[in-house]
Every structure is written in C-alpha cells, then in structure tokens.
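Residue-level listing of the chains:
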Amino acid sequence: MKQDLLDGEWVYKEENYRRAFELIDRYVDAFADGLSSGRSIRAEEIDVKRVLLLGIGGSGIVCDVVAEILSSRGIVTHVSKEYTAPPGEWDLIIAISYSGNTSETLNSLLQFLDQEDKIVAVTSNGRLARLGEKLGIKVVKVRSGIPPRYAFPDMLGGILGYLEKLGLDFAKMNLEEIKEFQEGLKKDKRIDENPAKEAAVKISKSHPIIYVYREVRLPGYRLKCELNENAKVFCHYAEIPEALHNDIEAIPRNGLMIIPRSFREPYEISKTIEALSRLLGEEKSLELRARSKSYLEEIIELFMLSDYISLYTSVLRGVNPLILHRIERLKDINAAYHEIKRRLDEELG
Ligand code: F6R
C-alpha cells in the first residue's frame, strides 16, 4: 500500500526528502541558534507600545506569530503584507525577509528610512542586510542557503531574542519538552504511532479543508501554506464559526475537515466542533493536537506538526518539497518588483 512508503527507509534517502527532513529535524536547535543571534544585537530597554511588522509569505508568518505574542501583552501591533505600510508613529518597526530581497517588504521599509533607529531587520542576506550595513540599521542574521519557509524557527528565535534585549521576555520555553514532542513525528516513528504520518495519509486521499478559530488561526494557516508549497496541494482555509454559516453547504464529497485544537479553546468552540463532526461524520474530520499546555510551546508544536504533515504528504505525492515552481518565477517577471529593487539600489548607492 502507498502509505507503507512512509515507514520505508529508502524513500528518505532520496536527496530532496533527505535534505527537507534534515532541515525540520533541527527545528529546536535552529530556534535556539536564532535566539542567540537575536540576543547578540545591541539594544537598550525601551517602552514599546506600538509595533509595525513587515514581512510576507514564509517570513510574514513569523511577523504574525510575533504580533500575536506582543498583542497578548497589550502592545498595539500591525502586520503589513502589502507594498505599502500604514504611516503612523511606531516605537518599533520589525522587517523580516529571509532572502532580504522581497519587494513588498523592502518597499514598505523605504517609507521609514528616516527612523532607522526604530528599525530591526531579520534576514539571511540580500538588500535588507546591505541596507542595514549602509544605514546602521540593526540586523539579526540567520543562517543562509535554505528555503525561507524552512527558516521559520531561526527567524522566530531571532526576533524573540532581540525583543528580550528590549525587556520583552517571551522566549522562556521548555525546549526539551518540544523536542520530546518532535520525536513522535520523526520519520523513524511508524505510522500507527505518528500523528503526522497518519494525517498525511488522510490528506493525500482527500480535499483538505482547514477550519480554524482565533486561538489556532496561525498554525492552521501555516499548515495551509506548507501543504501548498511543500506538498503542492491546493487546500481550503476558513475561520469558524463564520464558515459554519456559509462554507459548510459546499464541502466537496471528498472534503476532509482539518481542525487544530488548543488547550485555550473556548467552551462554545469545543461544543461547535463536536456538533460539526457529528454532522459530517467522524471519518471526514481530522484533529491536530500539540502536547504542551503553554501558549508559545503549543504554537511551536502545532507549527512543527504542520511542517511534518506537509513533508509526509509530499512523499506520498512524489513531489519535491524544496523546489517552488511559480513563486520565484513570478518575482522574476513582475515589473513592480524590478522597479522597487532599482529604487532600493539607488538608495544603496
Ligand atoms: C519560500 C516561501 C515564500 C517566501 C516569500 C517571501 O520558501 O516560503 O513564501 O517566504 O516569497 O520571501 P522572503 O521570505 O525571502 O522575504
């Protein structure tokens, strides 16, 4: 059977799978490396009340997570994934672009170059790093040479490490517990005791429909993006309870409802999910659970679970999880991209 593929050793010897799994198996160490990189940046404690975050795609989701963490402390945040950012008074402007060359992020940042002391950038290289050098902007450097989405733990660690220097200490986590959770997702854990493999088998036979509620919006969105980019699977994503007032009338015959669950889930949402899976049939739904009962650890575990699911799905579909066919090509042929880079190169001299 095709699912036996996931327990076979030979499949992971294929270079692309070997490399992709090697990258996500380093999740916790990559996060720790990011943390020390962020902590090494010079900074004084400041009173941070309003934060703007710029970043898109695999870097944008790091902005989303950081914004959620900051908001939980009463800090006003705005994540911009556009070509321009809302003007205004910000205490801190965080620009994240793994490649350092993403035009939406760079163009938005151009608006704020006269406030360079408020900016911190996270990148592996590119124009963002050069801008940092030229203007004296603080830059948290992360390891280079990997696809941006695989650098999620590095970039998250990087910015949390820097925020810690500003007096915003969020990074205290039990990394050993997260590592233990990860052991249960790795390729040598057999399918009957590996929730990531089990989920991939179900997803590869269906049309995935990810339903999220506020507490799990980001891990659900991560799963959508990782299924798109790593497994090349088109997948639906919607928020409940709203989607239960429209979307559910149109669920396709082979639809599989995937819902990340959280220990922070409100009572009403739990009851609603229960009713929904009764309505659709248990076999049409899939729940994703972390083990930790602490906010940031749970988010990281759910992200990790999503990443493994996407890689196992790529194996079952026989696609390359490292290569993107359209995203970079579109950047190449987009005139707006070239125009922004030209303006930035003028700035860089
Ligand atoms: C590629 C990926 C993309 C990029 C996005 C922005 O792995 O995940 O979504 O993250 O195109 O590029 P960066 O992250 O370099 O700013």
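Use the structure listed above.
The rules behind the values
- Residues numbered from 1 in each chain as written.
- Predicted model: local features only at pLDDT ≥ 70, side-chain atom pairs only at ≥ 80, totals over all residues.
- Heavy atoms only, no water.
- Pairing = 2+ DSSP bridges.
- Helix = DSSP H or I, 4+ residues; strand = E, 2+ residues; numbered from the N terminus.
- Right-handed = clockwise from strand over helix to strand, strands pointing away.
- Axes fitted to C-alpha atoms, helices over the stretch in contact; angles between N-to-C directions.
- Contact = heavy atoms within 4.5 Å.
- Salt bridge = Lys/Arg side-chain N within 4 Å of Asp/Glu carboxyl O.
- Buried < 20%, exposed > 50% of the residue type's maximum accessible area, 1.4 Å probe, protein only.
- Near = heavy atom within 4 Å.
- Polar contact = N/O pair within 3.5 Å; in protein donor to acceptor, adjacent residues only side chain to side chain.
- Areas by Shrake-Rupley, 256 points an atom, 1.4 Å probe, with all protein chains shown as cover.

Student: Please explain the pairing of strand 9 (residues 285–288) as it appears in this structure.
Tutor: Sheet faces and side chains relate simply in a regular strand, where the side chains alternate between the two faces. Of the strand pairs in this sheet, strand 8 (residues 255–260) and strand 9 are connected by four bridges, and their pairing is parallel. The partner of isoleucine 258 across the bridge, within strand 9, is leucine 286. Once the chain exits strand 8 it traverses helix 10 (residues 267–280) before rejoining the sheet at strand 9, and the crossover so formed is right-handed.

Student: Just to check I follow, could you spell out the sheet that holds strand 7 (residues 236–239) for this structure?
Tutor: What links the strands of a sheet is backbone hydrogen bonding, and the strands pair in either a parallel or an antiparallel sense. Here four strands make up an open sheet; going across it, the order is 7-6-8-9 and the pairing parallel. Every interior strand has two partners, whereas the edge strands, strand 7 and strand 9, have only one. Pairs of neighbouring strands in the sheet enclose a mean axial angle of 25°, with direction left out of account. As paired strands, strand 6 (residues 207–212) and strand 7 are joined by four bridges and run parallel to one another. Following the sheet pairing, isoleucine 209 is matched in strand 7 by histidine 236. Most of the contacts of helix 8 (residues 195–204) go to strand 9, to which it runs at about 150°, and overall it touches strand 6, strand 8 and strand 9.

Student: How should unusual backbone geometry be read in this particular structure?
Tutor: Glycine aside, the phi torsion of most residues is negative, and most peptide linkages are trans. Note that the residue after isoleucine 240, namely proline 241, is joined by a cis bond; omega there is 10°. Examined against the element boundaries, proline 241 turns out to sit in the loop between strand 7 and strand 8. One non-glycine residue, lysine 232, lies in positive phi territory at about 55°. With respect to the helices and strands, lysine 232 occurs in the loop between helix 9 (217–229) and strand 7.

Student: Sorry if this is basic, but what is going on with the pattern of salt bridges here?
Tutor: Oppositely charged side chains can pair when the atoms bearing their charge come close. One pass over the structure, following the stated rule, counts 27 salt bridges. Of the charged contacts in the structure, one is a salt bridge between arginine 19 and glutamate 22, with a shortest N-O distance of 3.3 Å. Of this pair, arginine 19 and glutamate 22 both sit in helix 1 (residues 15–25), three residues apart, which is roughly one turn of the helix. On the accessibility criterion, glutamate 22 (38% relative accessible area) is partly exposed. Lysine 179 is the partner of aspartate 29 in a salt bridge, and the nearest nitrogen-oxygen pair spans 3.4 Å. You can see aspartate 29 sitting in helix 2 (residues 27–39) and its partner lysine 179 sitting in helix 7 (residues 175–183), a full 150 residues away along the chain. Take lysine 179: its relative accessible area is 29%, and that puts it in the partly exposed class.

Student: It is not clear to me how the site of the ligand should be interpreted in this structure. Could you clarify?
Tutor: Around the ligand, the surrounding shell holds 15 residues, and the nearest of these are Ser59, Ser97, Ser99, Thr102 and Arg149. Separating an oxygen atom of the ligand from a side-chain N or O atom of serine 59 is a distance of 2.5 Å. Proline 148 is positioned such that a nitrogen or oxygen atom in its backbone is 3.4 Å from an oxygen atom of the ligand. For the ligand, the accessible surface in isolation is 400 Å², of which the surrounding protein chains cover 95%.

Student: What should I look at first to understand the side chain of glutamine 115 in this one?
Tutor: Within the secondary structure, glutamine 115 sits in the loop between helix 4 (103–110) and strand 4 (119–123). Owing to a relative accessible area of 17%, glutamine 115 belongs among the buried residues under this scheme. Glutamine 115 has contacts with Trp90 and Ile93, leaving out every residue within four places of it along the chain.

Student: Can you walk me through the environment of serine 306 in this structure?
Tutor: Mapped onto the elements, serine 306 comes out in helix 11 (residues 295–317). For serine 306, a relative accessible area of 2% corresponds to the buried category. The residues touching serine 306, leaving out its near neighbours within four places in the chain, are Pro219, Arg222, Leu223 and Glu226. Within the local environment of serine 306, its side chain forms a polar contact with the backbone oxygen of leucine 302, the two atoms lying 2.8 Å apart.

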